[in-house]
Amino acid sequence: MADGRPQAGEVGARAPRRDVRCGDGVAFLREAAPLPPDHALVTSLPDASELPALGAAGWEAWFVDVAALACAAVDPGAPAVFYQTDVKRDGAWVDKAHLVALGAARAGARLLFHKIVCRVPPGTATFGRPAYAHLLCCARALRLDPARATPDVLPALGQMPWPRAMGAAACEAVARFLLADTVCRTVVDPFCGLGTMLAVANAHGLDAVGVELSRRRADRARRLHADPGGRLRLLPRAPGDGPP
């Protein structure tokens, strides 16, 4: 490649690594910060439905705090990427892109791109959740070359191993961005769920670190495999593996 950055499969002769830890993502971020310069953070912050004890207002405050923590945890020259889907509460939309922006501003980060990922075909009415998801990239010092712009609308989510997952197509777009426009070669997802972003990162030759509170989901995140084209499949547990 002309700018010297490696493409998918060119990160090194070794197989890409994946480290999935069972634990609290917020605690991990606090302990791991600052992340190395070649680490990007890519995640989907939990919805209020996953943290009911906080209440609506408490969850919004928590969300902004964690978005700020995520943006501050990466190196100034590395990005924090968020994949978020809005929800409707009491007849009004909860705009998660706005909440991410509040957290990013608190950390001194700027928005580098805001892509729309279509969850259903355009023109389709949806209820409770919008027909799109947000893909937001923030950084404190990294800036992108306008001549290297990529599409702002992704026409489909791609495969999803569970309803709360990042779509594989969105993960593919993030992996290509990291390879083409950053020096980051490790993806960190502190709320990795079943590990879609981790699997897609590995398929593109990137190392991956995930944190997941559920032991069962963490076990599946270790075994989720992505083909270079984004097709996902769950590998069987190896003989001798302990209980999930």
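Calculation notes
- Residues numbered from 1 in each chain as written.
- Predicted model: local features only at pLDDT ≥ 70, side-chain atom pairs only at ≥ 80, totals over all residues.
- Heavy atoms only, no water.
- Pairing = 2+ DSSP bridges.
- Helix = DSSP H or I, 4+ residues; strand = E, 2+ residues; numbered from the N terminus.
- Contact = heavy atoms within 4.5 Å.
- Axes fitted to C-alpha atoms, helices over the stretch in contact; angles between N-to-C directions.
- Parallel < 35°, antiparallel > 145°, perpendicular 65-115°, else oblique.
- Left-handed = near helix turned anticlockwise from the far one by under 90°.
- Nonpolar A, V, L, I, M, F, W, Y, C, P; charged D, E, K, R; others polar.
- Polar contact = N/O pair within 3.5 Å; in protein donor to acceptor, adjacent residues only side chain to side chain.
- Buried < 20%, exposed > 50% of the residue type's maximum accessible area, 1.4 Å probe, protein only.
- Right-handed = clockwise from strand over helix to strand, strands pointing away.
- Arc of directions from axis to C-beta.
- Salt bridge = Lys/Arg side-chain N within 4 Å of Asp/Glu carboxyl O.

Here the focus is the sheet that holds strand E6 (residues 110–118). Strand order in the open sheet made by the eight strands is E1-E10-E9-E2-E3-E7-E6-E8, with mixed pairing throughout. The sheet is open, and its two edges are formed by strand E1 (18–22) and strand E8 (153–154), each paired on a single side. The sheet contact formed by strand E2 (residues 39–43) and strand E9 (residues 186–189) spans three bridges and is parallel. Residue pairing for E9: Leu41 is matched across the bridge by Val188. Contacts between helix H6 (residues 215–223) and the sheet are confined to E1 and strand E10 (207–212), with E1 contributing the most and set at about 175° to the helix.

Moving on, we get to the packing of helix H4 (residues 168–181) against helix H5 (residues 196–203). Where H4 meets H5, the closest approach of the two axes is 9 Å, and the angle between their N-to-C directions is 50°. As far as their axial angle goes, H5 and H4 are oblique. In terms of crossing hand, the pair formed by H4 and H5 is right-handed. Listed contacts from H5 to Ala168, Cys171, Glu172, Val174 and Ala175 of H4 are Thr196, Met197 and Val200. Residues belonging to the contact of H4 with H5 are distributed by class as follows: six nonpolar, one polar and one charged.

What follows concerns the side chain of Arg223. Note on placement: Arg223 falls in helix H6. Within the structure, the side chain of Arg223 is placed 3.0 Å from the side chain of Asp219, a separation counted as a polar contact. Discounting chain neighbours no more than four positions away, the residues touching Arg223 are Arg18, Arg233, Leu234, Leu235, Pro236 and Arg237.

Two faces, one strand: in a regular strand the side chains alternate between the faces of the sheet. A large share of strand E3 (residues 80–84) lies buried, amounting to five of its five residues. Here E3 shows a buried face lined by Ala80, Phe82 and Gln84 and a second buried face lined by Val81 and Tyr83. Relative to E3, E2 runs parallel, the two being bridged by three bridges. Considered in E3, the bridge of Val42 is made with Val81. Taking the sense of rotation as the criterion, the β-α-β connection linking E2, helix H2 (residues 55–73) and E3 turns out right-handed.

On to unusual backbone geometry, then. Negative phi characterises most residues that are not glycine, and trans characterises most peptide bonds. A cis amide bond, omega -5°, links Ala33 with the succeeding residue Pro34. With respect to the element layout, Pro34 can be found in the loop between helix H1 (25–32) and E2. Located in the positive-phi region is Asp90, a residue other than glycine, with phi close to 55°. You can see Asp90 is positioned in the loop between strand E4 (87–89) and strand E5 (92–94).

Here we take up helix H3 (residues 96–106). Residues of H3 that are buried: Lys96, Ala97, Leu99, Val100, Gly103 and Ala104. Along the axis of H3, the buried positions cluster into a sector of 160°, meaning they face one direction only. More than 90 degrees from the buried face of H3, the exposed residues found are Ala105 and Arg106. Taken together, the buried residues of H3 touch H2, E3, E4, E5, E6 and strand E7 (132–139). Between the side-chain oxygen at the start of H3 and the backbone nitrogen of Ala97 there is a gap of 3.1 Å, and the oxygen is on Asp95.

Looking now at the pattern of salt bridges. Overall, the coordinates contain 13 salt bridges when judged by the stated rule. Asp207 is paired through a salt bridge with Arg17; the nearest N and O atoms lie 3.4 Å apart. With Asp207 in strand E10 and Arg17 in the segment before E1, this residue pair connects regions lying 190 residues apart in the sequence. Taking the shortest distance from any N to any O, the salt bridge between Arg148 and Asp181 comes out at 2.8 Å. Pair noted here: Arg148 is in the loop between E7 and E8 and Asp181 is in helix H4, with a separation of 33 residues, a long-range link. Relative accessible area serves as the criterion here: at 13%, Asp181 is assigned to the buried category. Members of the salt-bridge network, linked through shared partners, are Arg14, Arg17 and Asp207.

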